[in-house]
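Architecture and fold: a report
Residue-level listing of the chains:
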Amino acid sequence: MPGPLVVNDSIVIPDVELVWRFSRSSGPGGQGVNTTDSRVELTFDVAASTALPPALKARALERLGSDTITVAASEYRSQLRNREAAEHRLAQRVREAIAPPPKRRRPTKPSRGSVERRITAKKHRSDVKRLRRNP
């Protein structure tokens, strides 16, 4: 799977910035489980990346809390599928890290009608309970 990692329409991480490591997976694999390196670790150094603009890089570093993102995949038997899964997860993590902050909630007050309905319902419930009591 050599090649650049497409994060979104405007951001593409070159393959030289991605570090791949392979090891033996502890998951399913049949007879070849102890002989094939099917577990994949994909590491991306956000601080040293040239693919991210400075503003997005600062936002990502602030949200991540570290300079690197490491993703591991070992759920499939084949190394190729684990590589695809690791790339997908890394792209998702980068997208979440560079996403714009959500809009702030504008505080509002309940309407007069909703306040009146709530109080009327409370009074009605109180009356129901009061009328159930023994005299």
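To start, this report covers the structure provided alongside it.

So, how was this worked out
- Residues numbered from 1 in each chain as written.
- Predicted model: local features only at pLDDT ≥ 70, side-chain atom pairs only at ≥ 80, totals over all residues.
- Heavy atoms only, no water.
- Helix = DSSP H or I, 4+ residues; strand = E, 2+ residues; numbered from the N terminus.
- Buried < 20%, exposed > 50% of the residue type's maximum accessible area, 1.4 Å probe, protein only.
- Contact = heavy atoms within 4.5 Å.
- Areas by Shrake-Rupley, 256 points an atom, 1.4 Å probe, with all protein chains shown as cover.
- Expected span 1.5 Å × (residues − 1).
- Pairing = 2+ DSSP bridges.
- Axes fitted to C-alpha atoms, helices over the stretch in contact; angles between N-to-C directions.
- Salt bridge = Lys/Arg side-chain N within 4 Å of Asp/Glu carboxyl O.
- Phe/Tyr/Trp six-rings, centres within 6.5 Å; stacked < 30°, edge-to-face > 60°.
- Lys NZ or Arg CZ within 6 Å of the ring centre and 35° of its normal.

Further remarks concern the overall build of the protein. Looking only at helices and strands, one finds three helices and five strands in the protein. N-terminal to C-terminal, the α/β element order of the protein is β-β-β-β-α-β-α-α. Considering the protein as a whole, with its 135 residues, one finds that 25% of them fall into the buried category. The contacts in the protein between residues at least 6 apart in sequence include a share of 58% that link residues at least 24 apart. Carbon and sulfur atoms form 52% of the exposed surface of the protein, whose accessible area is close to 9900 Å².

With that out of the way, let us pick up helix α2 (residues 79-98). If you check α2, its first and last C-alpha atoms are 29 Å apart, about what 20 residues at 1.5 Å a residue would give, namely 28 Å. Taken together, the buried positions of α2 are occupied by Asn 82, Arg 83, Ala 85, Ala 86, Glu 87, Leu 90, Ala 91, Val 94, Ala 97 and Ile 98. As for α2, its buried residues are in contact with β1 (5-6), β2 (12-13), β3 (18-23), β4 (39-45), α1 (54-64) and β5 (68-73).

Moving on: the sheet that holds β4. The three strands are arranged β3-β4-β5 in an open sheet whose pairing can be described as antiparallel. The two strands at the open ends of the sheet, each matched to only one other strand, are β3 and β5. Direction aside, the axes of adjacent strands within the sheet are offset by 15 degrees on average. The strands touched by α2 are β3, β4 and β5; relative to β5, the strand with the most contacts, the crossing angle is about 145 degrees.

Applying the stated criterion across every chain, the model contains four salt bridges. Between Glu 41 and Arg 21 there is a salt bridge, with the nearest N and O atoms lying 3.2 Å from each other. With Glu 41 in strand β4 and Arg 21 in strand β3, the pair connects residues that are 20 residues apart, well separated along the chain. Taking the shortest distance from any N to any O, the salt bridge between Arg 89 and Glu 75 comes out at 2.5 Å. Here Arg 89 is found in helix α2, whereas its partner Glu 75 is found in the loop between β5 and α2, with 14 residues between them in sequence. The exposure class assigned to Arg 89 is partly exposed, which follows from its relative accessible area of 31%.

Considering all chains together, one arrives at one aromatic pair under this definition. A centroid spacing of 6.4 Å and a plane angle of 5 degrees characterise the contact between Trp 20 and Phe 22, whose relative ring orientation is stacked. When its relative accessible area of 21% is taken as the criterion, Trp 20 is described as partly exposed. The ring of Trp 20 is capped by Arg 83, whose NZ or CZ atom sits 4.6 Å from the centre of that ring.

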